[in-house]
There are 2 protein chains.
Amino acid sequence: MGILFFGIAGVTISAIAFAVAAYFNHWIKRLPKGTPQMESIGLMIKRGARTFLKREYKALTWFAAIASVFVCLFMPKPFWVDGANIINNLIVTISYIAGTVFSAFAGIVGIEVATIANVKTAISAKDGISKSFMAGFRGGAVMGMTVVGSALLGCSLLLILIRDSALVQSAILCFSFGASTLALFAKAGGGIYTKAADIAADIVGKVELGLEEDDPRNPAVIADNVGDNVGDVAGMGADLFDSNVAAFAAATVMAIGLNNIKMVEMVLCYTGLGLFASTIGVFFARIGKNKNPSRALNINSYITMALYAILTALASYFFGFDFRFFGATFVGLLVGVVVGLATDYFTNDAKKPVQEVARASQGGPAFTILTGLTYGFKSTVPSLIGIGVSSAVAYFLCAPLGGGDPALSAQYAVFGIAMAAIGMLSIVGMIVSNDAFGPIVDNARGLAEMGGLGKEVVKVTDELDSAGNTVKAITKGFAISASGLTVIALLAAFLEVARNAGIDISGFDVMNPLVFFGMMVGLGIPVLFSAMLIMGVDKNAQHMVHEIHRQFNEIPGLKEGKGTPEYDKCIDISTKGALRELIPAGLMAIVSTLIVGFIGGVMALGGFLVGNIVSGLLFAMFMSNSGGAWDNAKKYIEAGNFGGKGSFAHKSAVIGDMVGDPFKDTAGPSINTQITVVSLVANLTAALFAAFSLAGLFIK
Amino acid sequence: MGILFFGIAGVTISAIAFAVAAYFNHWIKRLPKGTPQMESIGLMIKRGARTFLKREYKALTWFAAIASVFVCLFMPKPFWVDGANIINNLIVTISYIAGTVFSAFAGIVGIEVATIANVKTAISAKDGISKSFMAGFRGGAVMGMTVVGSALLGCSLLLILIRDSALVQSAILCFSFGASTLALFAKAGGGIYTKAADIAADIVGKVELGLEEDDPRNPAVIADNVGDNVGDVAGMGADLFDSNVAAFAAATVMAIGLNNIKMVEMVLCYTGLGLFASTIGVFFARIGKNKNPSRALNINSYITMALYAILTALASYFFGFDFRFFGATFVGLLVGVVVGLATDYFTNDAKKPVQEVARASQGGPAFTILTGLTYGFKSTVPSLIGIGVSSAVAYFLCAPLGGGDPALSAQYAVFGIAMAAIGMLSIVGMIVSNDAFGPIVDNARGLAEMGGLGKEVVKVTDELDSAGNTVKAITKGFAISASGLTVIALLAAFLEVARNAGIDISGFDVMNPLVFFGMMVGLGIPVLFSAMLIMGVDKNAQHMVHEIHRQFNEIPGLKEGKGTPEYDKCIDISTKGALRELIPAGLMAIVSTLIVGFIGGVMALGGFLVGNIVSGLLFAMFMSNSGGAWDNAKKYIEAGNFGGKGSFAHKSAVIGDMVGDPFKDTAGPSINTQITVVSLVANLTAALFAAFSLAGLFIK
């Protein structure tokens, strides 16, 4: 069939996804307007989100510009080296820039629609949960379709336009790198923004003054709602865009390395079918007769998965792709389900862990924290085993394709792991849609409360919000595992790149001292990165608490609901603070990769990636799930258990939730992008450090 | 010179250490008696500690008996296999039992002396800090000398008595395994005991009733003091006994594998000189003119290190050991210092991190927790880099001894890492002495308070207690890193054992799917283990809180100091609870090792060890250092900063300390022994799983 066929098919599927997104956008806009008060609050949220995004992208433009210069100088080969071609360097640079632009585009579209859909979801709640659910879900789906459509479009275009196989490897890696750098900063920045606002609003509002969530007297309430959008819509979208492209890049680089065009076609085909299945799933999503929103979201996901499995099986049959790869992809898909179920178990308030955290809260905050942490620790085990088993199964399924040659078998086998990652990320369109549903309905709840739509309506939005939270926890677990598998595939791609650079290695033996050294340093990076982000949230939240105190002291009648809070000031603190904190953490990760490569060369870099992956997985999962458990334990108590709102247990649980906030919404989910960026930087600089490193000078 | 010479030298040095311990014991007993009240409280503590130890050892006897049967059936070869010799199996079984008995002996001696020295230290404080310091330090030194003396004695005897090189490998590993299993349960059990009592005493005493630390009206106060002894004296002693023997075992196994008797001699010589240097250091320890106890403890350690470096250099010169090994040992020693300094930085209240945690406490407990966690996260980085650099340096120093042959060079190189572990553990006699100093002076403080010795005396013991805390944090960091290096050496020994079993592997390549699978599962074990221990503390503390409440409600006049609390009941809860919790966690670690070996064979076991090591190091360091920072932040506030005792910041800091308690005294330091046990189990069962595994059935 040829690459061209599959490339054009990919572009077509992207176009369909964009069309669905456009239709949903149109559909949402036609829903009834909110009350004037809601519209004005909605506008404030939209403006706040736009301002942050504008400033963030401005800062990132500088970063991307500098990075572009580096890419242009060094990629795919330093331009002054024999055999380098400046045209190639320009092509690769354009790919890098395209990666950042496509990702930013998806983020902007997502935010624009989400900040309309929130008002529409709130007002639709007057007509019952079905319509309101559709408004929230379709708002999220615009993001989902745009994210995955852009990713597929970019990858397809690269494969259509660039015909040189070595060049397309570099170009795809650079496209992925562009997406990753943007995601790194978007996720970290958005995460710091949203949690600083959330924690500060809670400390003063809930703890000190006893106000409800989303009380309009709270000066930080708009900043909190803006935060949901920039953190969970734009940030999470950029994150999954990034994982999606990275998995594609890893698989393509390996397929090209095996000189097997058919496998490249398959990667493109499978990725396209993933988006196609998600588009169909999203298009036909309904809440069903029992009116249970979380069930609707889950059933949609399962239908999409089944559809994907059928479509890829058919495609493999018709196009003659080896069914072993289908097996690997299917295993990846299954592990996604396992991880989702495990995450659900540890963060769902109908299950034991969350209830135990709530119960322990009766003994005071220390027990809330300890119990939540221990469940977070435990929650890592099923996912780790899932990832371990799935990559082993994928490996052994695909190794026989090497036909007995050990080196070739190993290459096919690790390609199988990349296909597992592709399988896990296949339904990412659906996942992003589900995920963006969360902040939209969360906002809608706030708007219903602040717009005074009455108890019944707030109850409907509450139900949607709770479904959004559960699904969010699951998609987080999913995102972490997906990027885990992806970076393992990137590690394999790194081997391929290192081989291309003339270094003859078959793997990364931890008994090799350079690998071991790299691994030890690599272990520390996600941990240090998390610490920096949490510290950032901590600092900004404290600033904002001061500001809220100031407003309550200085604005007459604010407490009684007569004065108007200066929402802008709080938005400004979150915006500036997030921008100040996001750069150092991201730079630390990138620069440490370069330092390790410079000192220890390719072997140390390989170890460094291994260290990053393992500690990244551990900390990301433990923090996300502990955070989810605390959040829902608080809600479980608020639902009337163990004394309900205002009880001692509730106070303890609120403290647990505050600790959990930066865990689950800042550090935990940012680690994904951090380890992906590090893996891509290593891939891109492998040739450089193969040619020169300090260890290379002294050893051999 | 011959093994016999060095073996006898080892026995002689052990004898000297025992003599010093006996002299100190005698010296302490001759110090003046305490007041009758102190003597009676001291007796209660002694009885409580004895009871716990007796019951714990009884439970462990069952475990050891069952393990002995397994060892006897399978080690060094299954007794029904061709070439097996039942005599050998018996010898190895006796070695195993000897490991448990020697370790238990050291624990008993340590506890017996520590529970005399506490009273003597308290009463000596009336005569000033110098004498009191000496009482506390010499009490701890009895433990230090006994622990390291027993370890050296056991190792020397094995090398003297068993002349078959393959058999001595198995015997030493089994001796080490015996020590490890005991340490695993002693550390975990002691850790659960001490923290359940500590937290419960604090919750009711400090938080609810506003009592001082060690107030005799608190029913849990004796249990708390008993806990210091069983956790920090017996537990930590068993832990370092274990690391010490494990490092010796790893180095010896590798030296024998290289068929190099001279290297075996060197291992014995270096280990002996470590104890010799520690003995001299301990013997001449004085507090100095400035009366600063922490400085005295640190200076003693530095002097011991310098002495050790000089002695080993001289020995290498006279006995003709290669100076490259001396270099590796020296590097290990230096990293010990680096890790100690890093730990000190993150847990000392004169430094920024602790003060920042204290400052953040003004914003509430959530900030206390978040700030402490982030510093704990950060604290892992210097130690990780230290371990990475030192093992790389040791490796490259020793690789040239292979004379260009790659396989041989790698073997010499990893032997270099084992020597670095030996270097780091060289001054372990001094370390254990310093560490046991902590609980003795902590007890002394309690006795001075409860015995009504007056403010001046309590102040002296307070100063000693504070020094004990700082030093304890450092020795914890040290113990973790030491066992980190040790298990890396054990990983190398595992390679050697696997090779002996006929499996031809050069290392553990993470790109190998079995290694990767093992690694993923291995990552989860220390995390799950920690969760189980923390959960255990949590549960027991809650039981004890109930009991304390009951006593205050039912015993008339208890609050006013008229009634007598039923101390025994609290001691009983801690004892029973710890025994109930310690077995499942330890078994989980051992059984999971067997399952992974059974499924994936030797390669998966290797990966499993790697996963255990890396996640063990990360979590052990982060938990110990966060815990240390919270503890000292609380003390920093109590010293009058940020509002002092009773302020809002203080209340937040107390919650932080409670979270930190099981982190730093239960889970964190138990991980050492957990990863050591797992490594030894893997070493011992390598031959078994090389002969049979599920993966072996299906693959190849």
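The rules behind the values
Residues numbered from 1 in each chain as written. Chains lettered and ligands numbered in written order. Predicted model: local features only at pLDDT ≥ 70, side-chain atom pairs only at ≥ 80, totals over all residues. Heavy atoms only, no water. Helix = DSSP H or I, 4+ residues; strand = E, 2+ residues; numbered from the N terminus. Rg over C-alpha atoms; globule rule 2.2 N^0.38 Å. Buried < 20%, exposed > 50% of the residue type's maximum accessible area, 1.4 Å probe, protein only. Contact = heavy atoms within 4.5 Å. Areas by Shrake-Rupley, 256 points an atom, 1.4 Å probe, with all protein chains shown as cover. Lys, Arg positive; Asp, Glu negative; His and termini not counted. Charge placed at Lys NZ, Arg CZ, Asp CG, Glu CD. Axes fitted to C-alpha atoms, helices over the stretch in contact; angles between N-to-C directions. Parallel < 35°, antiparallel > 145°, perpendicular 65-115°, else oblique. Left-handed = near helix turned anticlockwise from the far one by under 90°. Nonpolar A, V, L, I, M, F, W, Y, C, P; charged D, E, K, R; others polar. Buried area = accessible area lost by both parts, 1.4 Å probe. Polar contact = N/O pair within 3.5 Å; in protein donor to acceptor, adjacent residues only side chain to side chain. Core = buried A, V, L, I, M, F, W, Y, C linked by side-chain atoms within 4.5 Å. Least-squares fit on C-alpha atoms with pLDDT ≥ 70 in both. pLDDT = per-residue confidence, 0-100. Expected span 1.5 Å × (residues − 1). Patch = residues over 30% accessible without salt bridge, like charges linked within 9 Å, V, L, I, M, F, W, Y side chains within 5 Å. Salt bridge = Lys/Arg side-chain N within 4 Å of Asp/Glu carboxyl O. Phe/Tyr/Trp six-rings, centres within 6.5 Å; stacked < 30°, edge-to-face > 60°. Lys NZ or Arg CZ within 6 Å of the ring centre and 35° of its normal.

Turning our attention to the overall build of chain A. Per the secondary structure count, chain A includes 18 helices and zero strands. Its C-alpha radius of gyration of 24 Å places chain A within 12% of the 27 Å reference for a compact globule of 700 residues. In chain A, which comprises 700 residues, the proportion classed as buried is 69%. In chain A, the share of contacts with a sequence separation of at least 24, taken over all contacts with a separation of at least 6, comes to 84%. With an accessible surface of roughly 21,400 Å², chain A has 65% of that area assigned to carbon and sulfur atoms. Separation of charge centres in chain A, based on 48 positive and 47 negative side chains, amounts to 5 Å.

The next point concerns the packing of helix 4 (residues 129–161) of chain B against helix 5 (residues 165–208) of chain B. A pair of packed helices is characterised by two quantities: the angle between their axes and the separation of those axes. Residues and elements named next belong to chain B. Their axes nearest at 10 Å, the elements helix 4 and helix 5 cross at an angle of 160°. The angle between the axes of helix 4 and helix 5 places the two elements in the roughly antiparallel class. Between helix 4 and helix 5 lies a crossing whose hand is right-handed. Seen from helix 4, the contacting residues are Ala-151, Gly-154, Cys-155, Leu-158 and Leu-159; seen from helix 5, they are Val-168, Ala-171, Ile-172 and Phe-175. Looking at the contact of helix 4 with helix 5 residue by residue, the classes come out as eight nonpolar, one polar and no charged.

You'll often see interface size given as the accessible area lost when the parts meet. In this complex, chain B contributes 68 residues to the contact, which on the side of chain A involves 68 residues. Across the chain B to chain A interface the summed buried area is about 5,800 Å²; carbon plus sulfur atoms make up 88%. Contact with chain A buries surface across chain B, with Phe-367, Phe-377 and Met-511 of chain B losing the most and accounting together for 12% of the total. Put simply, chain B and chain A have six residue pairs in polar contact (both at pLDDT 80 or more) between them. Those elements that place two or more of their residues in the side of chain B that touches chain A are helix 5, helix 11 (365–398), helix 14 (455–500), helix 15 (513–554), helix 16 (567–638) and helix 17 (648–691) of chain B. With 22 residues, helix 11 of chain B is the largest single contributor of residues to the side of chain B that touches chain A. Taken together, the residues of the side of chain B that touches chain A break down into 54 nonpolar, 11 polar and three charged.

This part takes up the nonpolar core. Where a protein is soluble and globular, its nonpolar side chains tend to be buried together. In this structure, Phe-415 and Phe-619 of chain A together with Phe-415 and Phe-619 of chain B are the most contacted members of the largest nonpolar core, which totals 545 residues. Setting aside chain neighbours within four positions, we find Phe-619 of chain B in contact with Phe-377, Leu-618, Phe-619 and Phe-622 of chain A together with Val-527 and Ile-671 of chain B.

All names here are of chain B. At a minimum axis distance of 9 Å, the contact between helix 2 (residues 36–74) and helix 6 (residues 221–257) shows a crossing angle of 55°. Judged on the interaxial angle alone, helix 6 and helix 2 are oblique. For the crossing formed where helix 2 meets helix 6, the hand is right-handed. Contacts between helix 2 and helix 6 involve Ile-41, Met-44, Ile-45, Gly-48, Ala-49, Phe-52 and Leu-53 on the former and, on the latter, Ile-222, Asn-225, Val-226, Asn-229, Val-230 and Ala-234. Along the lines of polarity and charge, the residues of the contact of helix 2 with helix 6 split into 10 nonpolar, three polar and no charged.

What follows deals with the relation of the copies chain B and chain A. Placing chain B over chain A gives an RMSD of 0.0 Å and needs a rotation angle of 180°, together with 0.0 Å of translation along the axis. On this basis, the relationship between the two copies can be described by a two-fold rotation axis. Closest approach to the rotation axis within chain B is made by the C-alpha atom of Asp-509 of chain B, at a distance of 1.9 Å. In this assembly the copies share their binding face: 100% of the residues contributing to the interface of chain B also contribute to that of chain A.

With that settled, consider the confidence of the model for chain A. Residues and elements named next belong to chain A. With 100% of its residues at a pLDDT of 70 or more, chain A shows a mean pLDDT of 87. When pLDDT is averaged over each element of chain A, helix 10 (residues 352–360) comes out on top at 93 and helix 18 (residues 694–698) at the bottom at 79. Two summary scores accompany this predicted model of the complex, namely pTM at 0.90 and ipTM at 0.90.

Now for helix 15 (residues 513–554) of chain A. Residue pairs spaced three or four apart in an α-helix point in one direction, given the helix's 3.6 residues per turn. Residue and element names in this part refer to chain A. Taking 1.5 Å as the rise per residue, helix 15 with 42 residues should run 62 Å; its terminal C-alpha atoms sit 62 Å apart, in good agreement. Among the 42 residues of helix 15, 33 are classified as buried, and the element is accordingly described as predominantly covered. Put simply, Asn-512 is the residue that caps the front of helix 15, since its side-chain oxygen is 2.8 Å from the backbone nitrogen of Leu-514.

Let's shift gears to a nonpolar patch on the surface. All names here are of chain A. On the surface, Leu-587, Val-591, Ile-595, Phe-598, Ile-599, Phe-692, Leu-694, Leu-697 and Phe-698 cluster together into a nonpolar patch covering about 810 Å² of accessible area. At the level of elements, helix 16 (567–638) and helix 18 are the ones that each hand at least two residues to the nonpolar patch. Among the elements that line the nonpolar patch, the one with the most residues is helix 16, at five residues. Locating Val-591 in the fold gives a position in helix 16.

Another aspect to go through is the side chain of Thr-486 of chain B. Checked against the element boundaries, Thr-486 of chain B lands in helix 14. Excluding residues that lie within four positions of it along the chain, Thr-486 of chain B makes contacts with Ser-243, Ala-246, Ala-247, Ala-421 and Leu-425 of chain B.

In this section: the packing of aromatic side chains. Two descriptors summarise a pair of aromatic rings, namely the distance from one centre to the other and the angle between the planes of the rings. Taken as a whole and assessed by the stated rule, the structure comprises 68 aromatic pairs over all chains. Ring centres of Phe-377 of chain A and Phe-619 of chain B lie 5.1 Å apart, and the angle between their planes is 85°; on these two criteria the pair is classed as edge-to-face. Within this pair, whereas Phe-377 of chain A is found in helix 11 (residues 365–398), its partner Phe-619 of chain B is found in helix 16, the two belonging to separate chains. Across the pair, Phe-619 of chain B and Phe-377 of chain A agree in class, each one buried. Every member of this aromatic cluster is reached through a ring pair, and the members are Phe-377, Phe-619, Phe-622, Trp-630 and Phe-663 of chain A together with Phe-377, Phe-619, Phe-622, Trp-630 and Phe-663 of chain B. The lysine or arginine in question, Arg-138 of chain A, covers the ring of Trp-27 of chain A, its NZ or CZ lying 4.7 Å from the ring centre.

It is worth spelling out the pattern of salt bridges at this point. Taken as a whole, this structure holds 50 salt bridges over all chains when the rule is applied. Here Asp-661 of chain A makes a salt bridge to Lys-195 of chain A, at a shortest N to O gap of 3.4 Å. Of this pair, Asp-661 of chain A sits in helix 17 (residues 648–691) while Lys-195 of chain A sits in helix 5 (residues 165–208), placing them 466 residues apart in sequence. Both residues of the pair, Asp-661 of chain A and Lys-195 of chain A, count as buried. Salt-bridge contacts for Glu-496 of chain B lead to Arg-499 of chain B; the nearest nitrogen and oxygen are separated by 3.8 Å. Residue Glu-496 of chain B and its partner Arg-499 of chain B are both found in helix 14; the two are separated by three residues, about one turn of the helix. Take Arg-499 of chain B: its relative accessible area is 29%, and that puts it in the partly exposed class. Shared partners join several salt bridges into a network, and the residues in it are Lys-195, Asp-198, Asp-631, Lys-635, Asp-661, Lys-664 and Asp-665 of chain A.

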